[in-house]
Amino acid sequence: MAKVHLLNVTVHNNPATFYTPFQFEIHFECLEELQDDLEFKIIYVGSAETVEFDQTLDQIVVDAVPKGQFKFMFQADPPDIAKIPADDAVGVTVVLITASYRQQEFVRVGYYVNNEYDDQELKDNPPAEPKFDKLVRQIAADQPRVTKFKINWDSPNANPEGEAAAADGCTTGQDSEMVEDSSSNGILKNPEIKQEKSLGNTNEELNNTEHI
């Protein structure tokens, strides 16, 4: 049985210019106190052809997580344009949010991201070299793809064999409220996490949420 349920992901800063930081509000529940760290990552897929151009934009390690529900704002800088193939800069790609425990990924949430020019002339006649400062990023926030993985929650050395299950069960949405986060690339211990006071079904955003 999973010890952590991802309850909700809210996409902020959407739509936005290409150089605007990504912002995701993560809402999760621990069914019991965890003995080890949780690790969250934001990954930008630079090319659909190969993982070579995938970029980990930021990662956060959360330790000493007790039983309860928690929220935090996960912010990451935009991808390094030098690592994006010119042919893949404009158009549809993917951004991933992953969560791991004891170096085992147990859930990932993927969103399609459409990068397109905000100028009609550039749309009609796209330059050979992408003009990233003219691109607008649109995340398909209402169409997440949630993939869950079976892991061994009790042993740090055992990784059970299991199939990944895909579902659209994670509640998502968009808020106008922005929360400033000073996280930078690298591992950040203990981000600002808010514990939810109520663990019942009084929160509307938890309705019809499928647990991981």
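Right above here is the structure, for reference.
Quick caveat, the model's predicted, so the values are computed rather than measured. (Residues numbered from 1 in each chain as written. Predicted model: local features only at pLDDT ≥ 70, side-chain atom pairs only at ≥ 80, totals over all residues. Heavy atoms only, no water.)

(A) View of the overall build of the chain. Counting secondary structure elements, the chain contains one helix and 14 strands. Across the 212 residues of the chain, 47% fall into the buried class. Contacts in the chain between residues at least 24 apart in sequence constitute 70% of all its contacts with a sequence separation of at least 6. Surface accessibility of the chain: about 11500 Å² in total, with carbon and sulfur atoms responsible for 43%. (Helix = DSSP H or I, 4+ residues; strand = E, 2+ residues; numbered from the N terminus. Buried < 20%, exposed > 50% of the residue type's maximum accessible area, 1.4 Å probe, protein only. Contact = heavy atoms within 4.5 Å. Areas by Shrake-Rupley, 256 points an atom, 1.4 Å probe, with all protein chains shown as cover.)

(B) Local environment of the nonpolar core. In this structure, Phe24, Ile26, Phe28, Leu38, Phe40, Phe106 and Tyr111 are the most contacted members of the largest nonpolar core, which totals 44 residues. Among the secondary structure elements, those contributing two or more residues to this core are strand S1 (4–12), strand S3 (22–30), strand S4 (38–45), strand S5 (55–62), strand S6 (68–76), strand S7 (91–101), strand S8 (104–117) and strand S9 (135–139). For this core, the element with the highest residue contribution is S8, accounting for six residues. (Core = buried A, V, L, I, M, F, W, Y, C linked by side-chain atoms within 4.5 Å.)

(C) Up close: a negative patch on the surface. A cluster of acidic residues, Glu116, Asp118, Asp119, Glu121, Asp124 and Asp133, forms a negative patch at the surface. Here Asp124 is to be found in helix H1 (residues 120–124). Taking relative accessible area as the criterion, Asp124 reaches 51% and is therefore assigned exposed. (Patch = residues over 30% accessible without salt bridge, like charges linked within 9 Å, V, L, I, M, F, W, Y side chains within 5 Å. Salt bridge = Lys/Arg side-chain N within 4 Å of Asp/Glu carboxyl O. Lys, Arg positive; Asp, Glu negative; His and termini not counted. Charge placed at Lys NZ, Arg CZ, Asp CG, Glu CD.)

(D) Fine view of unusual backbone geometry. The step from Asn14 to Pro15 runs through a cis peptide bond, and the omega angle for that step is -5°. Along the chain, Pro15 turns up in the loop between S1 and strand S2 (16–17). Backbone geometry places Asn13, a non-glycine residue, at a positive phi of 50°. Take Asn13: it is sitting in the loop between S1 and S2. Although it is not a glycine, Gln103 adopts a positive phi angle of roughly 65°. Structurally, the position occupied by Gln103 is in the loop between S7 and S8.

(E) Broad picture of the packing of aromatic side chains. Tallying each qualifying case throughout the model produces twelve aromatic pairs. Here Phe40 and Phe72 contribute two aromatic rings whose centre-to-centre distance is 5.2 Å and whose plane-to-plane angle is 65°, an arrangement assigned as edge-to-face. Taken together, the residues Phe40 in strand S4 and Phe72 in strand S6 connect sequence positions 32 residues apart. Each ring, one from Phe72 and one from Phe74, has its centre 6.0 Å from the other, and the planes form 45°; the classification is tilted. An identical accessibility class is assigned to Phe72 and Phe74; each is buried. Among the aromatic residues, those joined into a ring-pair cluster are Phe28, Phe40, Phe70, Phe72 and Phe74. The residue whose ring lies beneath Arg137 is Phe22, and the NZ or CZ to ring-centre distance is 3.9 Å. (Phe/Tyr/Trp six-rings, centres within 6.5 Å; stacked < 30°, edge-to-face > 60°. Lys NZ or Arg CZ within 6 Å of the ring centre and 35° of its normal.)

By themselves, these observations are geometric and do not establish any function.
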